[in-house]
Amino acid sequence: EADIYQTPRYLVIGTGKKITLECSQTMGHDKMYWYQQDPGMELHLIHYSYGVNSTEKGDLSSESTVSRIRTEHFPLTLESARPSHTSQYLCASSGPPTGGYYNEQFFGPGTRLTVL
Amino acid sequence: KQEVTQIPAALSVPEGENLVLNCSFTDSAIYNLQWFRQDPGKGLTSLLLIQSSQREQTSGRLNASLDKSSGRSTLYIAASQPGDSATYLCAVEEAGNMLTFGGGTRLMVKP
């Protein structure tokens with residue numbers, strides 16, 4: 001059973017606000033990822049981290065930023081939200097197996113963001 | 001650049017049917033292939049992971065095969081049930097532990 005959590009699950013916010021989407025995992029995984037998924041569309045990687053103090057941008061350009069100060073925590077921040085940021089954001093992690101494969105990715109429930 | 005394609009995009013079947021979902025990828029230099037299930041508005045649940053050296057994996061009514069040289073994988077669901085209704089995604093892992101996803105197959109199993 002994967003233990004990866006995202007908060008909030010749903011967020012409706014006005015244009016220009018700063019928001020932080022939280023992602024935490026209790027599996028001790030070293031790698032963490034953020035994906036963006038528009039309704040009915042493919043998932044695209046926007047950020048990833050190989051460990052503490054490591055962050056990289058993914059294939060899809062994003063105005064968001066991430067940080068990795070603690071192994072278990074990988075928050076995503078939007079400094080000034082815009083309607084174009086409306087989407088679902090999914091967090092995932094992978095690492096040394098606890099009965100599974102090393103690189104198997106486990107996903108959180110997602111945050112559905114709406115910017116008005 | 002890796003491209004992953006899933007066919008069909010949508011599928012509607014009566015309960016009890018056996019069905020096959022297809023996934024193809026353009027670059028065979030992959031580490032593994034993973035099948036996920038996604039319910040509407042939810043996250044992804046990992047179903048099966050096939051390492052590049054393996055040919056198939058089974059879990060309950062699910063069987064996934066991998067033909068790396070031809071760039072294909074299939075997910076076989078036996079005796080489908082209404083609870084199987086969801087979107088099924090395949091993803092290939094390449095160097096750097098990056099996943100590239102297909103567009104998914106939306107499955108509806110009617111009672």
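> Just checking my understanding: could you explain the state of the cysteines for this structure?
In a disulfide, the sulfur atoms of two cysteines are held together by a covalent bond. Inspection of the entire model under this criterion finds two disulfides over all chains. In this model, Cys23(A) is linked to Cys91(A) through a disulfide, with the two sulfur atoms separated by 1.9 Å. One quick way to see it: the torsion about the S-S bond of Cys23(A) and Cys91(A) is about -75°, and its sign makes the bridge left-handed. In this pair, Cys23(A) is assigned in strand β3 (residues 19-25) and Cys91(A) in strand β9 (residues 87-94), connecting sequence segments 68 residues apart. With a relative accessible area of 0%, Cys91(A) lands in the buried category. Each sulfur in the disulfide pair Cys23(B) and Cys90(B) lies 2.0 Å from the other. Because the sign of the S-S torsion sets the handedness, a value of about 70° for the bond joining Cys23(B) and Cys90(B) places this disulfide among the right-handed ones. One end of the pair, Cys23(B), is in strand β3 (residues 19-25); the other, Cys90(B), is in strand β9 (residues 86-94), and 67 residues separate them in sequence.

> Help me out: how do you make sense of the sheet that holds strand β1 (residues 4-7) of chain B in this one?
Residues and elements named next belong to chain B. Taken together, the five strands give an open sheet; going across it, the order is β1-β3-β8-β7-β6, and neighbouring strands pair in antiparallel fashion. Two strands close off the open sheet at either side, each with one partner strand: β1 and β6 (56-59). The mean angle between the axes of side-by-side strands here comes to 15°, regardless of whether they run parallel or antiparallel. With six bridges connecting them, β3 and strand β8 (residues 72-77) associate as antiparallel partners. Each bridged residue has a counterpart across the sheet, and for Leu21 the counterpart in β8 is Leu75.

> Explain the interface of chain B and chain A here, please?
Interface extent is often summarised as the accessible area lost during association of the parts. Taken together, the contact pairs 22 residues of chain B with 20 residues of chain A. Counting each side, the surface lost to burial between chain B and chain A is near 1700 Å², with a carbon and sulfur contribution of 52%. Area buried by chain B at its contact with chain A is led by Asn97(B), Met98(B) and Phe101(B), which between them contribute 28% of it. Inspection of the region where chain B meets chain A yields zero salt bridges. At the level of secondary structure, the elements contributing two or more residues to the side of chain B that touches chain A comprise β4 (32-38), β5 (44-51), β9 and β10 (98-101) of chain B. Its residues assigned to classes, the side of chain B that touches chain A comprises seven nonpolar, 13 polar and two charged.

> Explanation requested: the nonpolar core in the structure shown.
Counting 22 residues, the largest nonpolar core has Phe25(B), Leu33(B), Trp35(B), Leu75(B), Ile77(B), Tyr88(B) and Leu107(B) as the members making the most contacts within it. Put simply, the parts of the chain that give this core at least two residues each are β3, β4, β5, β7 (62-67), β8, β9 and β11 (105-110) of chain B. If sequence neighbours within four positions are ignored, Ile77(B) has contacts with Glu17(B), Asn18(B), Leu19(B), Arg61(B), Leu62(B), Asp84(B), Tyr88(B) and Leu107(B). Residues Leu21(A), Trp34(A), Tyr89(A) and Val115(A) belong to the second largest nonpolar core, which totals 18 residues.

Rules and cut-offs
Once a new chain begins, its residue numbering starts again from 1 and follows that chain's sequence as written. Throughout, the order in which chains and ligands are written sets their labels, letters from A for the former and numbers from 1 for the latter. Where totals are concerned, whole chains, interfaces and linings use all residues; where local detail is concerned, this predicted model gives features only for residues with pLDDT of at least 70, and gives and counts side-chain atom pairs only at 80 or more. Side-chain metrics rest on all non-hydrogen atoms present in the structure, leaving aside hydrogens and water. By definition, disulfides here are pairs of cysteine sulfur atoms that lie within 2.5 Å. Per the convention used, a helix needs a DSSP run of H or I reaching at least four residues, while a strand needs a run of E reaching at least two, with both numbered from the N terminus. Categorising residues by exposure relies on relative accessible area from a 1.4 Å probe, with only protein chains included: less than 20% of the type maximum marks a residue as buried, more than 50% marks it as exposed, and the intermediate range marks it as partly exposed. Pairing between strands requires that DSSP locate at least two bridges from one strand to the other. With axes taken as lines fitted to C-alpha atoms, and helix axes fitted only over the stretch in contact, angles between N-to-C directions fall between 0 and 180 degrees. Here, two residues are considered to be in contact whenever any of their heavy atoms come within 4.5 Å of each other. Buried area is calculated as the accessible area (1.4 Å probe) missing from two parts once they are joined, with the contributions of both summed. Put simply, a salt bridge is a Lys or Arg side-chain nitrogen that is within 4 Å of an Asp or Glu carboxyl oxygen. In this classification, Asp, Glu, Lys and Arg are treated as charged, Ala, Val, Leu, Ile, Met, Phe, Trp, Tyr, Cys and Pro as nonpolar, and every other residue, Gly included, as polar. Take the buried residues of types Ala, Val, Leu, Ile, Met, Phe, Trp, Tyr and Cys, join any two whose side-chain atoms come within 4.5 Å, and each joined set is a nonpolar core.

Interpretation note: all reported values are geometric properties and have no functional meaning in isolation.
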